[in-house]
Amino acid sequence: MSHSSSAGSARSAASRLQDNPAFQLMARIGFAVNGLLHILIGGIALGVAFGSGGSADQGGALGHLASNPAGMFMLWVVTIGLWALGLFQILETFLVRGSDKDAWMKRGKEGGKAIAYLAVGFSAFSIARGGSADSAGQTQSFTAQLLATPGGVFLVAVLGLGVIAVGVYFIVKGYKKKFLEDINLPAGKTGRTVTTLGRVGYIAKGVAIVVVGILFCVAAFTSNAAEATGLDGALKALVELPLGRIILSVVALGLIAYGIYCFARAKYARL
């Protein structure tokens, strides 16, 4: 069998799996649980803006879920849903055709989303098994390990710039309403509401991710891993700005909007 026919058979198998109704249902559940996590993160961040504590990141949201009576069940739903969504994105990466620059950029984008979904799913799995929910501590530990390697400062700086690029991508996707390419937009008022939620949500999430990237860059230039505190530290850093509590409140509400949009995407996603 030739290489091209083998690749074609593999693509055909991947496409059939992607079209499987049960698999698509799990991917939609993945979008919904991703929405739930962002609503929780936004809620915690809103609390931080008004002076309460809590970790405003995926770890804090997962820890909040774990503290509820149905927490273990929800954590397993989050785990399975996000792993299914991650696998779906891996298939999306594999099914991209072409070998030009745009094709490889699309593969990188889809692959990056797959890694993100699988990573948060693994965090939920770890917490369900009794592990830690300290995302900020894990980010600092990872950064410290990178800084300790030869060329570590450069690696952390590149990581920070990469994260900033992802944040800018979210902002542009929201501003230009590119997210509408991912869904079958309903007509009328529902469609307008979904569009507004997506636009506000993507821009707010992009701002938060840009700040995460800036903190990685600060950690690189100061050789201090404690500066890299992930999403929790990024959102809390906004409080230190002039009118910081107002800015954090707006970003927090934007993350909640993104979470609600994810529920809409679970229903209207093009799979």
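Residues numbered from 1 in each chain as written. Predicted model: local features only at pLDDT ≥ 70, side-chain atom pairs only at ≥ 80, totals over all residues. Heavy atoms only, no water.

Some points on the overall build of the chain
Scanning the chain from terminus to terminus reveals 10 helices and zero strands. Along the chain direction, N to C, the helices and strands of the chain fall in the order α-α-α-α-α-α-α-α-α-α. For the chain, with 271 residues in total, the buried portion stands at 45%. Within the chain, contacts between residues separated by at least 24 positions form 75% of all contacts whose residues are at least 6 apart in sequence. As displayed, the chain offers around 13,400 Å² of accessible surface, 67% of which is attributable to carbon and sulfur atoms. Treating the 23 positive side-chain charges of the chain as one cloud and the 12 negative ones as another, the clouds have centres 9 Å apart. (Helix = DSSP H or I, 4+ residues; strand = E, 2+ residues; numbered from the N terminus. Buried < 20%, exposed > 50% of the residue type's maximum accessible area, 1.4 Å probe, protein only. Contact = heavy atoms within 4.5 Å. Areas by Shrake-Rupley, 256 points an atom, 1.4 Å probe, with all protein chains shown as cover. Lys, Arg positive; Asp, Glu negative; His and termini not counted. Charge placed at Lys NZ, Arg CZ, Asp CG, Glu CD.)

A word on the packing of helix 3 (residues 58–66) against helix 5 (residues 101–128)
In contact at an axis separation of 10 Å, helix 3 and helix 5 are set at 40° when each is read in the N-to-C sense. Relative to helix 5, the crossing made by helix 3 is right-handed. Packed against helix 3, whose contacting residues are Gln58, Gly59, Leu62, Gly63 and Ala66, the element helix 5 presents Val120, Ser123, Ala124 and Ile127 at the interface. Broken down by class, the residue content of the contact of helix 3 with helix 5 amounts to five nonpolar, four polar and no charged. (Axes fitted to C-alpha atoms, helices over the stretch in contact; angles between N-to-C directions. Left-handed = near helix turned anticlockwise from the far one by under 90°. Nonpolar A, V, L, I, M, F, W, Y, C, P; charged D, E, K, R; others polar.)

A look at the pattern of salt bridges
In the structure shown here, the tally under the stated rule is three salt bridges. Measuring nitrogen to oxygen at the nearest pair gives 2.9 Å for the salt bridge that ties Asp182 to Lys173. According to the relative accessible area criterion, Asp182 is buried, its value standing at 18%. Exposure remark for Lys173: the relative accessible area of 7% places this residue in the buried category. (Salt bridge = Lys/Arg side-chain N within 4 Å of Asp/Glu carboxyl O.)

Considering a nonpolar patch on the surface
A grouping of Leu17, Trp83, Leu87, Ile90, Leu118 and Phe122 is seen on the molecular surface, where their side chains present a nonpolar patch of about 500 Å² in accessible area. Listing elements by their share of the nonpolar patch, those giving two or more residues are helix 4 (71–95) and helix 5. Broken down by element, the nonpolar patch gets its largest block of residues, three residues, from helix 4. Inspection of the secondary structure puts Leu17 in helix 1 (residues 3–18). (Patch = residues over 30% accessible without salt bridge, like charges linked within 9 Å, V, L, I, M, F, W, Y side chains within 5 Å.)

Thoughts on the packing of aromatic side chains
In this structure the tally under the stated criterion is 11 aromatic pairs. Ring centres 5.6 Å apart and planes at 75° place the aromatic pair Trp76 and Phe125 in the edge-to-face group. With Trp76 in helix 4 and Phe125 in helix 5, the pair connects residues that are 49 residues apart, well separated along the chain. Phe125 sits in the partly exposed class, given a relative accessible area of 21%. Joined through ring pairs, the aromatic side chains of Tyr169, Phe170, Phe179, Tyr202, Tyr258 and Tyr261 make up one cluster. A cation over an aromatic ring shows up here: Arg107 above the ring of Trp104, its NZ or CZ 4.4 Å from the ring centre. (Phe/Tyr/Trp six-rings, centres within 6.5 Å; stacked < 30°, edge-to-face > 60°. Lys NZ or Arg CZ within 6 Å of the ring centre and 35° of its normal.)

Structural notes on the confidence of the model for the chain
Of all residues in the chain, 92% have pLDDT values of 70 or greater, and the mean over the chain is 83. Mean pLDDT per element in the chain: helix 1 is the minimum at 64, and helix 10 (residues 244–268) is the maximum at 92. (pLDDT = per-residue confidence, 0-100.)

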